Structures are given as C-alpha cells and as structure tokens.
Amino acid sequence: MKHSLASRLLLAAIPALFALPAAAQQSGDFKLWYDKPAQNWNEALPIGNGRLAAMVFGGTGTERLQLNEETVWTGRPHNNVVAGQGEVMQELRRLLFQKKYAEAQQLSQAKIGAIQNGMSYQPASDLLLYFPGHEKATAYQRELNISKATSTVSYEVDGVRYTRTALASFTENVMVVQCEASRKGALQFSVGLTSAHTRSRREVKDHLLRLSGMPGVLEQLEPVIQYETNVKVVAPDGKVGYTDSSITVTGATRATVYISIGTNFNNFREVNGDAHQRSLAYLAKGSSKPFEQIRRLHEQFYARYFNRVGLYLGEATTANLSTDERVKQFSRTQDPQLIALYFQFGRYLLISGSQPGGQPTNLQGKWNNKTNPAWDSKYTININTEMNYWPSEVTNLSELGEPLFRMLQDLAVTGQESAQKLYHARGWVAHHNTDLWRITGPVDGGFYGMWPMGGAWLTRHLWEHYLYTGDKAFLKAVYPVMKGAAMYYVDALQREPDHGWLVVSPSMSPENTYMKDSAGHGIGLSYGTTMDNQIVSELFYNTIQAGKITGADPLFTDTLVQKRAQLPPMQIGRFGQLQEWINDWDHPNDRHRHISHLYGLYPSNQISPVHTPALFRAANNTLVSRGDISTGWSMGWKVNFWARMKDGNHALKLITNQLNLVTPEMQIGQGGGTYPNLFDAHPPFQIDGNFGCTAGIAEMLLQSHDGAVEILPALPDSWKDGSVTGLKARGGYTVSITWKNNKPEKVTVTATLGGNLRLRLAEAWQPAAPGLSAAKGENTNPFYQVMDVAEPLVSKEAPAVEAAVLRTRDYDLATAAGKTYVITFR
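Every value quoted in this text rests on a predicted model; they were computed, and no experiment measured them.

Q: Which residues make up the overall build of the chain, and what values go with them?
A: Secondary structure summary: the chain contains 19 helices and 35 strands in total. At 27 Å, the chain has a C-alpha radius of gyration in line with the 28 Å of a compact globule built from 826 residues. Principal-axis analysis of the C-alpha atoms places the extent of the chain at approximately 80 × 70 × 55 Å. Residues counted as buried form 64% of the 826 residues belonging to the chain. Put simply, of all contacts in the chain between residues at least 6 apart along the chain, 70% involve residues at least 24 apart. For the chain, the exposed surface amounts to about 28,400 Å²; the carbon and sulfur share of it is 50%. The average position of the 78 basic charges and that of the 74 acidic charges among the side chains of the chain differ by 4 Å.

Q: Hey, could you go over the layout of surface pockets for me, with residue numbers and the actual values?
A: One number sums up the size of the second largest pocket: a volume of about 660 Å³. Lining the second largest pocket are 34 residues, and of these Arg 51, Glu 70, Pro 356, Gly 357 and Gly 358 sit closest to its centre. Broken down by secondary-structure element, the contributors of at least two residues to the lining of the second largest pocket are helix 1 (5-18), strand 16 (254-263), helix 4 (275-286), helix 5 (291-306) and helix 10 (402-423). Looking at the lining of the second largest pocket residue by residue, the class counts come to twelve nonpolar, 15 polar and seven charged.

Q: I'd like to hear about the packing of helix 7 (residues 336-353) against helix 19 (residues 688-701), residue by residue, with values.
A: Where helix 7 contacts helix 19, the axes come no closer than 8 Å and their chain directions differ by 120°. It follows that helix 7 is oblique to helix 19 by the angle criterion. For helix 7 against helix 19, the interelement crossing comes out left-handed. Contact residues: Ile 339, Tyr 342, Phe 343, Phe 345, Gly 346, Arg 347, Leu 349 and Leu 350 in helix 7; Gly 689, Asn 690, Phe 691, Cys 693, Thr 694, Ile 697 and Ala 698 in helix 19.

Q: So what's going on with empty space enclosed by the protein? Residues and values would help.
A: Following the criterion strictly, the structure yields four cavities of 30 Å³ or more and no others. As for the largest cavity, its lining consists of 16 residues, of which Trp 390, Arg 460, Glu 464, Tyr 602 and Arg 730 are closest to the centre. Contributions of two or more residues to the lining of the largest cavity are made by helix 9 (390-394), helix 12 (454-469) and helix 19. Of the residues contributing to the lining of the largest cavity, the split by class is eight nonpolar, two polar and six charged. Its volume calculated, the second largest cavity comes out at about 60 Å³. If you trace the second largest cavity, you find it lined by Phe 575, Gln 577, Leu 578, Glu 580, Asp 586, His 587, Asp 590, His 597, Thr 622, Ser 625 and Arg 626. Its residues assigned to classes, the lining of the second largest cavity comprises two nonpolar, five polar and four charged.

Q: I'd like to hear about unusual backbone geometry, residue by residue, with values.
A: Between Ser 505 and the following residue, Pro 506, the backbone shows a cis peptide bond with an omega angle of -5°. Here the bond from Pro 683 into Pro 684 is cis, since omega is 5°, no more than 30 degrees from zero. Take Pro 684: it is sitting in the loop between helix 18 (648-658) and helix 19. One non-glycine residue, Lys 99, adopts positive backbone phi at about 65°. Along the chain, Lys 99 falls in the loop between helix 2 (85-97) and helix 3 (101-111).

Q: So, helix 18: which residues are in play, and what are the values?
A: The element helix 18 is extensively covered by neighbouring structure, given that eight of its eleven residues are classed as buried. Residues Gly 648, His 650, Ala 651, Leu 652, Leu 654, Ile 655, Asn 657 and Gln 658 constitute the buried set of helix 18. Summarising the contacts, the buried residues of helix 18 are in contact with helix 7, helix 17 (632-644) and helix 19.

Q: Pulling in residues and values, what's your account of the sheet that holds strand 1 (residues 31-34)?
A: Read from one edge of the open sheet, nine strands run 1-6-7-8-9-16-13-12-11, paired in antiparallel fashion. Each edge of the sheet is formed by a strand with only one pairing partner; in this case those strands are strand 1 and strand 11 (200-205). In this sheet, adjacent strand axes meet at a mean angle of 15° when their direction is disregarded. Relative to strand 13 (residues 227-234), strand 12 (residues 208-213) runs antiparallel, the two being bridged by five bridges. Residue pairing across strands places Leu 209 opposite Val 231, the latter belonging to strand 13. On the sheet, helix 4 packs against strand 12, strand 13 and strand 16 and is oriented at approximately 150° with respect to strand 16. Contacts from helix 5 reach strand 7 (150-157), strand 8 (160-168), strand 9 (175-181) and strand 16 within the one sheet, and its direction differs from that of strand 8 by about 50°.

Q: Outline the sheet that holds strand 26 (residues 709-711), supporting the account with residue identities and numerical values.
A: Strand order in the open sheet formed by five strands is 25-26-30-34-32, with mixed pairing between adjacent strands. Unpaired on one side and paired on the other, strand 25 (702-703) and strand 32 (773-774) mark the two borders of the sheet. Relative to strand 34 (residues 808-815), strand 30 (residues 755-762) is paired through eight bridges, and the arrangement is antiparallel. Paired with Leu 761 across the bridge in strand 34 is Arg 809.

Conventions and cut-offs
- Residues numbered from 1 in each chain as written.
- Predicted model: local features only at pLDDT ≥ 70, side-chain atom pairs only at ≥ 80, totals over all residues.
- Heavy atoms only, no water.
- Helix = DSSP H or I, 4+ residues; strand = E, 2+ residues; numbered from the N terminus.
- Rg over C-alpha atoms; globule rule 2.2 N^0.38 Å.
- Buried < 20%, exposed > 50% of the residue type's maximum accessible area, 1.4 Å probe, protein only.
- Contact = heavy atoms within 4.5 Å.
- Areas by Shrake-Rupley, 256 points an atom, 1.4 Å probe, with all protein chains shown as cover.
- Lys, Arg positive; Asp, Glu negative; His and termini not counted.
- Charge placed at Lys NZ, Arg CZ, Asp CG, Glu CD.
- 1 Å grid on protein atoms, 1.4 Å probe; cavity = no way out; pocket = protein on both sides within 12 Å on 5 of 7 lines; lining within 4 Å.
- Points joined across faces, edges and corners; volume = space filled by probe spheres on them.
- Nonpolar A, V, L, I, M, F, W, Y, C, P; charged D, E, K, R; others polar.
- Axes fitted to C-alpha atoms, helices over the stretch in contact; angles between N-to-C directions.
- Parallel < 35°, antiparallel > 145°, perpendicular 65-115°, else oblique.
- Left-handed = near helix turned anticlockwise from the far one by under 90°.
- Pairing = 2+ DSSP bridges.

Right, here's the structure in full:
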C-alpha cells in the first residue's frame, strides 16, 4: 500500500511520539503569567492545535477569544506569473552584464510585477463570553501553561472563585473553554460570536450559535474560501438558553463551551469542500467527550512532543514576577529561567502551529486578528518561513516539518510555470513570497520580487530532515522536488562576462542595495550575489548526494558536478569582510537587517573555523560591522550567527537585546524586541524571531554541522551550571548534557542509526568513556560528510586575515543503533 508524504511522515512519527526518554521529563511546568487581563492583542495569550488558533484575552466582565483557522485566506486558486515578462528577463540580463545597473533596475521596476502580490491570511471570528457583574474582580491571575498547552484565567467576585480553562484540542480538533465557579449555581454568562468580515452571517439554530462568512476581495481577486464557526454549550447543573444571536447559561457550577471551525478548502487547486458539514462534524466529535477527558487526551498528545527536550540554565531572583515584568527587567537582571521559558515557548509555538497534514506556519504562525495584516501574514521565503522551521530538527520536533515539506511539493508544481514562462527553463522556481495558493512569481514588484531563490532555500529543509533522521524512503519521495529545483538553475544560470562564472541573473541580495542612482534611489538588482552562489552550490551538492543515496539520475548528477565547479567562489573584500555582491560594493557602515551573504555560516555549513578559517574570520568582520540592534527576526538570526562563531557571550547579548520589552502599541520600526506575551516584535509582530532564538539557544549548546557533534560550542560565561536533555544531532543522535562551572560533567548520547560518533570538545576537557579514542582522519559517518568549498578570492586591499584558532579536540566512538552511551569528564 502506498502512502502520501503526509501520511507516511505521520506513520513514522508514531513510535517517536510514544518513546519518551525519562531524562526529557520536566521537573516543573513552564508558564507565562500575568496579574491583569490583556488590554490588547500583543498581551493576549496564544493557543493552537496546528489547524485552529486563538488568542485568549482573559477579561473578567467580557472574555474574548480571537479565533483563526489556517485555511481562511483571501483569493482563489491562481498563480501570479505575468505573460511576456520572460523577454524582460533577457533584457535585464543584458543590461546587468553591460554594467548598466540603474537602467536595469528601472526597467525591472517598470516591467516586473503582478496584480496579485500574494493573498492574505485572515481571522475567522471572535468568541465573546459576557459575565455580568464581573468587571471589578479581585485576586486576578491568568496564565499560559506551555508544559500542558492550556490557558487559565481565575479571579474572585463577591467571595466566589471563577476559573476558565481554554485549550485547542489536538485530538478532538475543536477549541474548548471550561468555566467553573467555586459556589454551586453561581455561574451565569452569555456567549456571542462576531467577525471582522462584512460578508458574514450569524444565527442560532439547532441549539448551536453559528457564524458563517468569507473574506473580502484583495487585489481584484474574489474570494472562494467559506468558513463556518459553530459553538455548543453544555452546563450539566445549569440552564442553557438561546436568543437569536447568543447562548445563555444561568444557575450553573460548571459549563463547557465547544468551538469548531470548518472551511471548504481541500488543497491549493481544489476548494469544493463543505464548510458547514465539516464544522458540524468537528463539533459532534469534540462535544461527545466531557472536558476532563478532552483535556487529558490533549495534554498527553502534546506532552509527547514537548517533553522530549528539557532546559535548565540556573535560578533567578525575578522568577516569581509576572512575565511582562520579567521581560521588562531582563536587561538589568540575571534571569536564566526566562531564557529557558523563551526557548520552550518557541517549541510550544511550533507544536501549536504546525501539525502534520496541515499548513506550515506563516509570518504570524497561525495567530492573526487583522483583515489587513502586516505583509499579509503570508509566507516570506527569503528568510522568515525558513526561520520558522529552524528549531524543528535540533529541538526534537522533526515530524512537525511535514507541512513545510508538503508546501514544497505544491511549489514544485506551480513553480514549473514560473520557470518556463519567466526564464524559459525546466524545473521549478519560487521567488521571495508565496501564500495558500502557492504562487511562485515575483511579488512586490521588480526590486524585492526579483529574487528567484526562495524555493531553492526551502529545499535544504528536505536534506536536513534526511541528515537528522536517516530516512531514505523520505529522501526518495522528495528527491524529485530537489531535482526540479536544481534543474531550474542548470538551465537558468548565465555566464557572466568578467570571470566566466555561472551566475543567477537577474537577482539581488535580499532587500539590500549597493549604490544609489542619480536621483538617490537605492539600486539592488544584480547578478552572482554571494547568497545566490551559496544557495545554488548547496542545492547542487545536496542533490548530488541525494542522487547517489537513492540511486537516481547518475547523468544528472554528473551535470550538477560540472555546473557546480563553475560557480563563483566566495570573496573577501577590501576591509576584510565577506563580500555580499560579486563586486566589492560593501559599505563598512551598512547596518541592513538582512545579512544574507552569511547564509553560508548559518543555516548552511560552508563557513567553518576548521575547514575555511579565512572565510570564518571574514564572516566575523561582517557581523561586527553590521552591529547588533535590528528587527526582531534579524536579531534571532544573529543569535545563530554568533553561536556558529563560537561566541556565546555575544549570542547572549543578542538574546538580551531580543528580550527587550516593546510596548504593544509599537507597530513599526527596526528596534526589535519582545511584546508582553513573548511574541517577537519586528515590530510589528512576526513569529520568526521566536523560532530563530529557540534555534539559536540550541545552537549555543550543541552543533553537528561541521563534521562532528560539538558539545557546548558557545556557552556564555553566565550560564555557569545547567543541563539540556533531548536535543538532536545529525545522524540520528539524541544528546543530553549536564555542565558545572562552564564545563561538561556528563554527556549522554542515544544512537538511532549507529555509526561513528565524532565528538568535538574544548581542548582542556578530559572525556572518558569505554571505546572513546582520539579521532583519526575524516569522519566515516555518512551523515557527517563536509561539503567542499572553493578557496576564496581575497582583495589586494584587504587587511591580513588571521586564521581562526580552533582550541578543540575530536574524539571517535563507535555506536550501534538503539544503544545509549555516557561520556564523563575528569
């Protein structure tokens, strides 16, 4: 029997879900808590089950749950490729190779663009609970327990304790709110539904409160998505009544509110489902169980993901303060517990926002309250979508990448049209944005949109999944996606006139410029940018390796080897920096938020202190030059950069900058930071910074990209004692570490696949384990082969580049599948 990629990954995930290592169990719950209700959206608390999401405000007189369903988007099936733009691309190449950069950009901005620049992720509805007389409550507290994926609000009114618990059930596919009173019969409230969409209709029918609707028109596209929210209330010892627009509860001690949402979306090409019947089916299944049973099943399901990884970085004197106050004080206090909470919050958001069979997390995860959200809350694939999935492999949430993998399979379909019509090429291509409908043409005009690299970047997640899991069946299933992406560049690469290198043209280094035209406008259109070269080189390398492993396409593999040898090498510029462009156009005072040319440092592994020390030092110079303060997602990326630079203190400085309290009203700017609910602030809110920091903290503690499993490669001085359990290394290793006085005490490694385990340790550490010996030669483990990188070209004006001194030693240990190994330290 053949399974789809979605079902196959889900089946593969089942054993992992039930294999909970004891070391991964949490000793205490991680919680966000506050002593007052949310005054706005950036103070509300997120819950979700992948498909459904809600922001819980925690009001007393009025409670609001702002609801989302992952397929409520504007628009309809389409691609945004514009006929005739293929000839413009040829002219752009000609102008760029003639060094007519300003003229090329003017032509691109005039001729490249689309009516549809990506559709918009939309809110569904708002659930409102009205509690008369509760406006002046006392002893108030609300919390989000991210160890159990539940939100709780409690307070007192006239001597009665009222408690509400909300969750988005993973197992029942509904959201549930349990309302309780400490005095029998004291519970009285009403339930309403509203929507931000003008095309909506509300009614009470068959003892259900119902709201049906559809989004508005965007960029001349009529919407086709229909959604329906249904609400059912059960109060065993109270009276449930109905008006024409609400449900009422009186005389109850306990009442349960069940919420379901269904849409007519089937896939990016088919929208012919029945939103009404789907919503009713979800509700019938979910409401057939009492709340405590739903809660138990929900928490068990969630724990099988969340409890895989534990992190302890020390105690904090501010740990008893509310979460917003802790963030406010973080920069002037030592609060390692807040860092551990922030790390786990990123994992919570990924579990709650990306479940197998659903949609990938978008620019706001799955949480959005606006009909016109920032950047449409779609998929920005020149960094942001990729960041969302950086924690998935290393923090032991591997199967949660499945929605992204399926989106890639969709893009490989729509991207064929873009490749053929825009570039006269085979294979498939996607630019810097996509949406629910998997558009692949340029978005946002001829500057930002002229970057045909988004799909290629995303394919590295396929290869990384194989490196972490060793799943050859998965690799065989996704090889056509990788091959199609590589085939596009085989056809589309152009030979530039100065060196004869093969380059991507036209393109840009995402969102940055290298000069100004006569009118003072920035010019960014170019060819052969460093990031493009790194992405294509990596894509070719990964596809070559995948072809060899799966036994597919030896002739195509040979073609990739030949083409890869003709790509430009990385270059070190006049002030010792890693060049961003094919020419030495970098400015020492450039503080741009994108540091795209350091893709080779992270997430890729093309820049290393072991194998490419000159490039490693040049990357360091670039990082120092760019500075620290930037947008939230950019600072999240920089945490990973500095972790790869083995500078834990600097990585911690970026985390400190990120954990800077931003007022919820702040909606624009470049300062970055964190809102009171721990959401990342660009500002405004983008979820990628949360995921980037979570990945960065893991990268500070464990790295496995450079031919070895490196223990505590970027441990800050202030993280003196601590432990981490359950992190994943490439080659199927699960790694737990305890350390004291900034040195490891014990490292425990469980091998899923077996093979040679090469450990990289600080030179001064003295490890001991049966069979452990000094490493010799190249690592024989096939998951630890290091990609070859061409020697860099160095500017004659560049200062002398000091080679990085790597004060580490490598050790080898033979491992067998299913066995656990303990390394101690003297």
